[in-house]
Amino acid sequence: MLLHDYLILFKVPEHLQTEKDLFMYRSYIAQKKYGVVLDEIRPSTAQDELISVRLLAEYLSSESKRFENENLIFYNNNEK
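Sequence order sets the numbering: in each chain, residues are counted from 1 along the sequence as written. Since the coordinates come from a predicted model, pLDDT governs what is reported: local features require at least 70, and pairs of side-chain atoms require 80 or more to be given and counted, while whole-chain, interface and lining totals use all residues. Remark: hydrogens and water are excluded; side-chain values derive from all non-hydrogen atoms of the structure.

Asks: Explain the overall build of the chain to me, please; I cannot follow it from the model alone.
Replies: Secondary structure elements follow DSSP: runs of H or I no shorter than four residues count as helices, runs of E no shorter than two count as strands, and numbering proceeds from the N terminus. Tallying secondary structure elements over the chain gives four helices and zero strands in all. For the chain, the sequential pattern of α-helices and β-strands runs α-α-α-α. When the 80 residues of the chain are sorted by exposure, 25% land in the buried category. Contacts are residue-level and defined by heavy atoms, with any inter-residue pair within 4.5 Å sufficient. Pairs at least 24 apart in sequence give 41% of the contacts found in the chain among residues at least 6 apart. Carbon together with sulfur atoms contributes 56% to the accessible area of the chain, which is approximately 6300 Å² in total. Under the scheme applied here, a residue whose accessible area is under 20% of the maximum for its type counts as buried, over 50% as exposed, and between as partly exposed, the area being computed with a 1.4 Å probe on protein chains only. Computed with a 1.4 Å probe, the accessible areas rest on the Shrake-Rupley method; for each residue, only the protein chains presented here act as cover.

Below, the structure written as structure tokens:
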């Protein structure tokens, strides 16, 4: 069962909803599933805490893409 499915089934009191969401999105970031976080947290509608998590996902997403591109360039240069 996916974490998201589990958290949907597990009823959380309203005052803990944001903490649950933070935990869920931080776990997606730890799994390097940045796209899930970016798709689900919209800057215009999210709370400040969730926007912070979205910014972290954006930063790590661009960092991982940059690292992949650097590795590709490195491997292509070594093949010559």
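Asks: Just to check I follow, could you spell out the nonpolar core for this structure?
Replies: When a protein is soluble and globular, its nonpolar side chains tend to lie buried together. By nonpolar core we mean a set of buried residues, namely Ala, Val, Leu, Ile, Met, Phe, Trp, Tyr and Cys, connected to one another through side-chain atoms within 4.5 Å. By size, the foremost hydrophobic cluster in this structure holds 14 residues, and its most contacted members are Tyr25, Ile29, Val37, Ile41, Leu50, Val53 and Ala57. Only α2 (17-30), α3 (34-40) and α4 (48-78) provide two or more residues apiece to this core. Per element, the largest residue contribution to this core is five residues, and it comes from α2. Apart from residues lying up to four places away in sequence, alanine 57 is in contact with Ile29, Tyr34, Val37 and Leu38.

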